[in-house]
Amino acid sequence: MVILYTYNNGNYINLKDAEIKPKNIYVNLTNKCPCACTFCLRNTKEMAETNSLWLKTEPTVEEIIEEFEEYDLNQFNEIIFCGFGEPLTRLEAILEVAKYLKNRRKDIKLRVNTNGLADLIHKKETAPLLKGLIDTVSISLNASNAEEFLRLTRNKFGIEAYDAMLKYAVSCKECVSNVVMTVVDCIGQEEIDACKVVCDSIGIPLRVRAFE
Ligand code: SF4
């Protein structure tokens, strides 16, 4: 089971096997996600069975902590909760692991990469729980409007998910020091510009990242 990993040249590498210890490491918590994005490799059966990040069982908080115990946290710049699925489906586990990490090193930077649907998943406002534990929340905006967002993410909540995701982003802004929204560069300049307008309207920076 790969719990802590790093990413290099399109490959996921178990941290245990990494020859050079990376500055940024990822925590693999779950395969679960309420979306079925058209571009997500997780939805390809072949990929799901062969990809080293696919978890047969989800790691417990104790198992995650046990792996962290192997490392000096001073060697890492940032620890990112970013599983094969949506990490915030395991909100409680993230909170417990974040508490453990901050107890060991107060200034360690912790980030969650998310689809922004945590409040719909947990049926409550969840951003306040991140306060003091998570430093950055990076939310996949994916699209400039609800229809396109639903078409791309095929999420189980339907058309209301887009507004809920934006509301979550605003809620994070009040509780977390750094909130960023992301889109991939392959959506075209017109859509990127429209996404920028959406982000400006809620006062959150947009980062355009390369599609892998
Ligand atoms: S939100 Fe992320 S994990 Fe979930 S289906 Fe989309 S790309 Fe995959």
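Before reading further, recall that the structure is shown in the block above.
Residues numbered from 1 in each chain as written. Predicted model: local features only at pLDDT ≥ 70, side-chain atom pairs only at ≥ 80, totals over all residues. Heavy atoms only, no water.

Caption draft 1: Spatial organisation of the overall build of the protein. Looking only at helices and strands, the protein has seven helices and eight strands in total. Its C-alpha atoms give the protein a radius of gyration of 17 Å, within 12% of the compact-globule value 17 Å for 212 residues. In terms of overall dimensions, the protein has C-alpha extents of about 45 × 40 × 30 Å along its principal axes. Counting every position in the protein, which comprises 212 residues, the buried fraction comes to 53%. About 10,800 Å² of surface is accessible on the protein, with carbon and sulfur atoms providing 49% of the total. The average position of the 26 basic charges and that of the 31 acidic charges among the side chains of the protein differ by 3 Å. (Helix = DSSP H or I, 4+ residues; strand = E, 2+ residues; numbered from the N terminus. Rg over C-alpha atoms; globule rule 2.2 N^0.38 Å. Buried < 20%, exposed > 50% of the residue type's maximum accessible area, 1.4 Å probe, protein only. Areas by Shrake-Rupley, 256 points an atom, 1.4 Å probe, with all protein chains shown as cover. Lys, Arg positive; Asp, Glu negative; His and termini not counted. Charge placed at Lys NZ, Arg CZ, Asp CG, Glu CD.)

Caption draft 2: Focus on helix 2 (residues 61-68). The set of residues buried in helix 2 consists of V61, I64, E67 and F68. For helix 2, the angular spread of buried residues about the axis comes to 125 degrees, placing them on one side. Facing away from the buried side of helix 2, by more than 90 degrees, are the exposed residues E62 and E66. Buried residues along helix 2 sit against strand 1 (4-8), strand 3 (24-27), strand 4 (78-81) and helix 3 (91-104). (Arc of directions from axis to C-beta. Contact = heavy atoms within 4.5 Å.)

Caption draft 3: Representation of unusual backbone geometry in the model. Of note in this structure, K123 is not a glycine but carries a positive phi near 55 degrees. Relative accessible area serves as the criterion here: at 75%, K123 is assigned to the exposed category. In this model, R154 sits at a positive phi of 45 degrees, which is unusual for a non-glycine residue. Mapped onto the secondary structure, R154 falls in the loop between helix 5 (146-153) and helix 6 (161-175). The partly exposed category is assigned to R154, whose relative accessible area is 47%.

Caption draft 4: Local environment of a negative patch on the surface. Negative charge collects at one region of the surface, where E62, E63, E66, E69, E70, E92 and E96 lie side by side. Of all the secondary-structure elements, those providing two or more residues to the negative patch are helix 2 and helix 3. Looking at the negative patch element by element, the count peaks at three residues for helix 2. For E63, the position within the fold is in helix 2. (Patch = residues over 30% accessible without salt bridge, like charges linked within 9 Å, V, L, I, M, F, W, Y side chains within 5 Å. Salt bridge = Lys/Arg side-chain N within 4 Å of Asp/Glu carboxyl O.)

Caption draft 5: Broad picture of the side chain of T30. With respect to the helices and strands, the residue T30 is situated in the loop between strand 3 and helix 1 (45-50). Among the polar contacts listed, one links the side chain of T30 to the backbone nitrogen of K32, at a separation of 2.9 Å. A distance of 2.4 Å separates the side chain of T30 from the side chain of E58, its partner in a polar contact. Here T30 is in contact with L55, E58, G83, F84, G85, E86, P87, T89 and R90, once residues within four sequence places are set aside. (Polar contact = N/O pair within 3.5 Å; in protein donor to acceptor, adjacent residues only side chain to side chain.)

Caption draft 6: Summary view of the pattern of salt bridges. Per the stated rule, a full pass over the model turns up eight salt bridges. Among the ionic pairs, R151 bridges to E148, the shortest N-O distance being 2.8 Å. One end of the pair, R151, and the other, E148, are both in helix 5, three residues apart, so they sit about a helical turn from each other. A network of salt bridges, in which partner residues are shared, links K32, E58 and R90.

Caption draft 7: Fine view of the site of the ligand. Near the ligand you find C33, C35, A36, C37, F39, C40, R42, F84, G85 and N115, and these make up its full shell. Among the residues making up the shell around the ligand, the classes are represented as seven nonpolar, two polar and one charged. (Near = heavy atom within 4 Å. Nonpolar A, V, L, I, M, F, W, Y, C, P; charged D, E, K, R; others polar.)

Caption draft 8: View of the packing of helix 2 against helix 3. Here helix 2 crosses helix 3 at 30 degrees, and the two axes come no closer than 10 Å. What the angle tells us is that helix 2 and helix 3 run roughly parallel. Crossing of helix 2 against helix 3: the hand is right-handed. Side by side, helix 2 and helix 3 meet where V61, I64, I65 and F68 of the first sit next to A93, E96, V97, Y100, L101 and R104 of the second. (Axes fitted to C-alpha atoms, helices over the stretch in contact; angles between N-to-C directions. Parallel < 35°, antiparallel > 145°, perpendicular 65-115°, else oblique. Left-handed = near helix turned anticlockwise from the far one by under 90°.)

Nothing here speaks to function; it is geometry throughout.
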